[in-house]
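# Observations on the three-dimensional arrangement
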Amino acid sequence: MCETSKGMRIRRCVVDAELRAMLQADEPDVLPLWFTDAERGWIARTVDPELAELAPLGERALARLAIAPGSADIVLVAPRAPELPLARRYAAVAARPLVIADAATLGVALGGRRPRSVTWFPSLDETDLAGSLVALRGAFAARLGHAPALGALTAETVAQLTWLLVKQLLPRDPREATLTFASTSETSERPSSSLAVLGTDHKVAEVVRRLHGAAGTLLINSHSRPHCGILRVADGPVGLCGLASGGAGGRCIDGSACYFGEAPRVVMQDLRAPRVLFNGCSTANIGGRRADYLPRAAMVSHAALRSQARELVGNVRLVLSDEVDLDWFLAGSALGYPPAQGVELIEAARRASGREVLASALYFGDAANPAWPAEGVSQGEVVIDDDGAAVRWASLDRVLVARVDGRRWAELAAADRLHVSGERPSHVIVAVIPDPWGDRSLVLALPRGEHARGGERAGALTLRLRPLAEPIDRALGETLERAVEHVRWLEALPSFATVLAGASRRLEAELVQLRRIASSRMNLLMLRELLDQVWLDEVRAACRFDDAIIDEALVRSRQSWDVVVEYAHRLHAVPSATASTCDGCGSFATAVDYTDHASVGIERTITGCGHCGVVADMPVCALRVRILSDDLTYAADRVTGRVEITNEDDRPRRVALGVAIAMGGELLPASVARTTVILDGGSASTFAFQLLPAAPLTQFLALRAFLASEGAFGVAATSILFRPNRIA
């Protein structure tokens, strides 16, 4: 195949017969453009004003195409596809090999070719583009080891497909270099940049006006469906409409009510930007299995390709999209990656951050189209030394990117064995992924907050990458998970229902948040230090309600209260039982293990004495508590002694302790009834208490020591016989 373009002729056709005749003729340099007289204005606005003036069968010659030909770039179309003749002509005009195959026959059809890029003609009546994309990429990967850069050329109709093909090959306007970035983020949290940014700081009318007026590259991150998008800004949601009517009269598909009413909205087919990235769910869908669900004409992808856009990036299915996808695409554009490769950066970033596995991002356009102009990106300087690598940016911009030789850096990051450090780490987000197209790693840094707004040394940033001998431990949440279970169990008991109302839900929300942080791979900067801090936050959260539990137990102990009665009906005794001796009276005692019928994770051991009753009711854990009988002194107006608490765990534990006389009534203010201790792993401590009853005690009562740690609640008890002549 010739590597030098010979130009082409664009010839207008008006009816299907003229199109077929052109495609059957031996004129490999003729590319049809099908439009009616009623569509002249549309062609003038979205394709080219001069071409709109062509008479039927009139033509215009182009000496030079916008895309350079190359035998390493192929055109792919399925056998017997209706668009096969048009794909064959496009391949001839673009001087590319044509491969006629589907995913099942691709390996044979490729032969020994290893294409650099593939321009794919999906079927115009495609009903499962997501499935077709996965199958096609899988077939390429099976044959070549990796799917090449892929671009799709499709449209709602054959006529509109000719419009898109012509737009691929027409010369580009050099004034198309501006870039507009729209997302639901606060623009003040990112550095100022030459690119135009729209977000929650702007209002609906301004956003609509500026998105319609964007004349270069338009990047949008928003919630979406195949026919519609929602971009939430300062004074409400902005609609992004795929209908040709633009939702006129507040009406959506088939006259149904539009969510946005008659408010201003962005009409996708009215966009002026020649390059559009719409990062949302299903924004690259072109058809559905249910014809009665969404008409093809309503798809935002078709609407965008009907506009002045000659290139579009979207997603073929529901995705966990994020604004960082736009940042990666911008960074790749600055590094020279064409859009067909830029979508693979988006996919790589999603895989690295644990958001997606299956391919979703798809580029509509010729796969050989050059990189999009990029603004707001600064490239860093890389220095490799014995300790690792240093990446320095002399000035900040919205996006900071660098290429480091060797994929090992990205592999270390994936294995949690890469330490990334830098100045003011809390104000920079850093990600590292493998370069899909070479033996390199890509570093992305996004300044945020104070670092982005200025201040000391805000004009420069240096990051250090250092290998770690052992992986960073991300195993967080077990402590708080157990605390949630213990607190939820106490919530179900009448005594604690009020004081702990909603406590487990609050802890569960914190558990979700800390595990999101621990599992996220979207930011590697000072990750080990961050996770150490998250661990401390977890322990603090797990202990949040311990003091309230002890306080409530002390209050209730003033009157008749037996917590075992409240949950005895929930318990199931397990076969094991341990014989022991009661600390209080020296009699035979038995320790019985129990599980909870409703909460199988709750395990308790209750020790009973035939004389003293329940002398211990403890959760199964590494903590032990007992009242030291030898140190106990008591009289009608005073009880003193010590409680011993032991931590058999291999880590420190915070323990809240309280001591009360069952049915002892109020205590005088000088009493010492509660404390909080922090015990190292494998250590023990004692708490000296002094209980001063407000009224003299003259009967047989129990002395109780309460323990609460990370939501777990336990009791140790001993009996006291108050005699009138007892001398302490």
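The structure contained in this document is the topic of the report that follows. Residue numbers restart at each chain and count upward from 1, following the sequence in its written direction. Given that this is a predicted model, residues contribute local features only at a pLDDT of at least 70 and side-chain atom pairs are listed and counted only at 80 or more, while totals for whole chains, interfaces and linings are drawn from all residues. As a rule here, side-chain values cover all heavy atoms of the structure and leave hydrogens and water aside.

## A closer look at the environment of Glu156
Here is the rule: Helix numbers and strand numbers start at the N terminus; a helix is a DSSP run of H or I with at least 4 residues, a strand a run of E with at least 2. Partly exposed residues are those whose accessible area sits between 20% and 50% of the maximum for their type, while under 20% is buried and over 50% is exposed, using a 1.4 Å probe and protein chains only. Should any heavy atoms of two residues lie within 4.5 Å, those residues are considered in contact. We define a polar contact as two N or O atoms separated by no more than 3.5 Å, with the added condition that, inside protein, one atom must be a possible hydrogen donor and the other a possible acceptor, whereas residues neighbouring each other in sequence contribute only through side-chain atom pairs.
Take Glu156: it is sitting in the loop between β7 (149–152) and α7 (158–169). Take Glu156: its relative accessible area is 22%, and that puts it in the partly exposed class. Taking C-alpha positions, Glu156 is 6.7 Å from Ala297, a pair spaced 141 residues apart along the chain. The residues contacting Glu156, other than those within four sequence positions of it, are Arg296, Ala297, His302 and Arg306. A polar contact is formed between the side chain of Glu156 and the side chain of Arg306, at a distance of 3.2 Å.

## Topic: the sheet that holds strand β18 (residues 377–379)
Pairing between sheet strands relies on hydrogen bonds along the backbone, with the strands arranged either parallel or antiparallel. Stated formally: For two strands to be treated as a pair, DSSP must find at least two bridges joining them. Structural elements are reduced to axes, namely lines fitted to C-alpha atoms, with helices fitted over the stretch in contact, and the angle between N-to-C directions of any two is expressed from 0 to 180 degrees.
Read from one edge to the other, the open sheet built from four strands follows the order β18-β21-β24-β23, with strand pairing classed as mixed. Because the sheet does not close on itself, it has two edges, and the strands there are β18 and β23 (428–434). Strand-to-strand twist across the sheet, computed as the mean angle between neighbouring axes with direction ignored, equals 20 degrees. In this sheet, strand β24 (residues 440–447) lies alongside strand β21 (residues 399–405) in antiparallel orientation, the contact comprising six bridges. Paired with Ala402 across the two strands is Val443, which belongs to β24. Helix α10 (residues 323–334) contacts β18, β21, β23 and β24 of the sheet and is inclined by roughly 125 degrees relative to β24.

## Quick word on the packing of α10 against helix α11 (residues 339–352)
Just so we agree on the cut-off: Any angle that is under 35 degrees is reported as roughly parallel, and any over 145 degrees as roughly antiparallel; angles of 65 to 115 degrees are reported as roughly perpendicular and all others as oblique. What makes a crossing left-handed is the near helix being turned counterclockwise from the far one by less than a right angle; a clockwise turn instead makes it right-handed. Gly is placed with the polar residues, together with every amino acid not listed as nonpolar (Ala, Val, Leu, Ile, Met, Phe, Trp, Tyr, Cys and Pro) or charged (Asp, Glu, Lys and Arg).
Their axes nearest at 9 Å, the elements α10 and α11 cross at an angle of 140 degrees. Between α10 and α11, the interaxial angle falls into the category oblique. Crossing angle aside, the handedness with which α10 passes α11 is right-handed. Contacts from Asp325, Trp328, Phe329 and Gly332 of α10 reach α11 at Pro339, Gly342, Val343, Leu345, Ile346, Ala349 and Arg350. When its residues are assigned to classes, the contact of α10 with α11 shows seven nonpolar, two polar and two charged.

## Observations concerning the side chain of Glu710
Here Glu710 is to be found in the loop between β36 (700–709) and β37 (712–721). Only 2.9 Å separates the side chain of Glu710 from the side chain of Arg651, close enough to count as a polar contact. For Glu710, the residues in contact, after removing those within four places along its chain, are Thr479, Ala483, His486, Val539, Ala542, Cys543, Asp546, Arg651 and Arg653.

## As for the environment of Arg272
Position of Arg272 relative to the elements: it lies in the loop between β14 (265–267) and β15 (275–279). Between the C-alpha atom of Arg272 and that of Ala304, which follows or precedes it by 32 residues, the distance is 9.6 Å. Once you skip the residues sitting within four places of it in the chain, Arg272 turns out to touch His212, Gly213, Ala214, Ala215 and Gln308. A distance of 3.3 Å separates a polar side-chain atom of Arg272 from the backbone oxygen of Gly213.

## Examining the packing of aromatic side chains
To keep things clear, this is the line we draw: Centres within 6.5 Å are what make two rings of Phe, Tyr or Trp a pair, Trp counting through its six-membered ring; a difference in plane orientation under 30 degrees is then read as stacked, over 60 as edge-to-face, and the rest as tilted.
Under the definition given, this model contains eight aromatic pairs. On the numbers, 5.1 Å between centres and 90 degrees between planes, the contact of Tyr259 with Phe260 is edge-to-face. Since its relative accessible area comes to 56%, Tyr259 is described here as exposed. Classification of Phe260 as buried rests on a relative accessible area of 9%. Measuring from ring centre to ring centre gives 5.5 Å for Phe496 and Phe713, while their planes differ by 65 degrees; the resulting arrangement is edge-to-face. With a gap of 217 residues between them, Phe496 in the loop between α14 (478–491) and α15 (503–519) and Phe713 in strand β37 connect regions that are remote in the sequence. For Phe496, a relative accessible area of 0% puts it in the buried group. Classification of Phe713 by relative accessible area gives buried; the value is 3%. Grouped by ring-pair contacts, the aromatic residues Phe496, Trp561, Phe706 and Phe713 constitute a single cluster.

## Focus on the pattern of salt bridges
Our working rule: One side-chain nitrogen of Lys or Arg within 4 Å of one carboxyl oxygen of Asp or Glu is enough to make a salt bridge.
Taken as a whole and judged by the stated rule, the model has 43 salt bridges. Note that Arg355 and Asp325 form a salt bridge whose closest N and O atoms lie 2.7 Å from each other. Of this pair, Arg355 sits in the loop between α11 and β17 (361–364) while Asp325 sits in helix α10, and the two are 30 residues apart along the sequence. On the basis of relative accessibility, which here comes to 0%, the residue Asp325 falls in the buried class.

## Concerning the sheet that holds strand β25 (residues 461–467)
As summarised here, the arrangement of the four strands in space is β19-β20-β25-β22, forming an open sheet in which the pairing is antiparallel. Each of the sheet's edge strands pairs with one partner strand only, and the pair in question is β19 (381–385) and β22 (418–422). Strand-to-strand twist in this sheet, taken as the mean axis angle between neighbours without regard to direction, amounts to 20 degrees. Inspection of the sheet shows β19 paired to strand β20 (residues 388–393) by five bridges, in the antiparallel sense. Each residue of the ladder has a partner; that of Asp385, found in β20, is Gly388.

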